[in-house]
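The residues making up each chain are set out below.
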Amino acid sequence: MGNRNTTTLIDALSARTRFGELMEKAEAESMRYLVSRRGKPKVVILGIEDYLKNIIKKDELLVEVQLSAKQAKLDKMTTGEIDTEIASYRKSRKK
């Protein structure tokens, strides 16, 4: 991760035409892009890990758990499924 949290100014047209590339760099290299329209800053593009760690300011362990859950597609569990998992775990600990 060479360019840790580097912010680059980019115009909206370039951002639109290079969006896939910008997403990849934001994720892989922690690049941030400040997108402007008619010379005025409008939005920022940054990777999810950068967002969670620096914008939301969640604990690093919590961020790691959330990202691994998302990669394992466990972030889509319903409240009922979560309650069932907890009950199952508690039952196995009692044995």
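Just so it is clear, the model here is predicted, and its values are computed rather than measured.

Thoughts on the overall build of the protein
Item 1. Helices and strands together make up the secondary structure of the protein, namely five helices and three strands.
Item 2. Listing every helix and strand of the protein by position from the N terminus yields β-α-α-β-β-α-α-α.
Item 3. Along the longest, intermediate and shortest principal axes, the C-alpha atoms of the protein span 65 × 25 × 20 Å.
Item 4. Summed over its atoms, the accessible surface of the protein is roughly 7700 Å², and 53% of this surface lies on carbon and sulfur atoms.

As for helix H4 (residues 60–71)
Item 1. Between its terminal C-alpha atoms H4 stretches 16 Å, which fits the 16 Å expected from 12 residues at 1.5 Å a residue.
Item 2. Once H4 finishes, lysine 73 follows within two positions and takes phi at roughly 60°, a positive value.

Description of the sheet that holds strand E1 (residues 7–11)
Item 1. The mixed open sheet is built from three strands, whose spatial order is E1-E2-E3. With partners counted over all chains shown, the strands left at the sheet margins are E1 and strand E3 (40–46), one partner each. Strand-to-strand, the axes of this sheet are offset by a mean angle of 30°, without reference to chain direction.
Item 2. Summarising the sheet, E1 and strand E2 (residues 32–37) pair through five bridges and their orientation is parallel. Residue threonine 8 lies in a different strand from E2, and its bridge partner there is tyrosine 33.
Item 3. Against the sheet, helix H2 (residues 19–28) contacts E1, E2 and E3, and its axis sits at roughly 60° relative to E3.
Item 4. Packing against the sheet, helix H3 (residues 48–55) makes contact with E2 and E3, and its axis sits at approximately 105° to E3.

Side note on the nonpolar core
Item 1. Core analysis: the largest hydrophobic core is formed by nine residues, namely Ile10, Ala12, Ala15, Leu22, Ala26, Met31, Tyr33, Val35 and Ile45.
Item 2. Where this core is concerned, the elements lending two or more residues are helix H1 (12–17), H2 and E2.
Item 3. Excluding anything up to four places from it in sequence, isoleucine 10 contacts Ala15, Arg18, Leu22, Tyr33, Leu34, Val35 and Ser36.

Some thoughts on unusual backbone geometry
Item 1. With phi around 55°, serine 30 is a residue other than glycine that occupies positive phi space.
Item 2. What makes serine 30 buried here is its relative accessible area of 6%.
Item 3. The backbone of arginine 38 sits at a positive phi, close to 55°, despite the residue not being glycine.
Item 4. Relative accessible area serves as the criterion here: at 81%, arginine 38 is assigned to the exposed category.

Cut-off values and rules
- Residues numbered from 1 in each chain as written.
- Predicted model: local features only at pLDDT ≥ 70, side-chain atom pairs only at ≥ 80, totals over all residues.
- Heavy atoms only, no water.
- Helix = DSSP H or I, 4+ residues; strand = E, 2+ residues; numbered from the N terminus.
- Areas by Shrake-Rupley, 256 points an atom, 1.4 Å probe, with all protein chains shown as cover.
- Expected span 1.5 Å × (residues − 1).
- Pairing = 2+ DSSP bridges.
- Axes fitted to C-alpha atoms, helices over the stretch in contact; angles between N-to-C directions.
- Contact = heavy atoms within 4.5 Å.
- Core = buried A, V, L, I, M, F, W, Y, C linked by side-chain atoms within 4.5 Å.
- Buried < 20%, exposed > 50% of the residue type's maximum accessible area, 1.4 Å probe, protein only.

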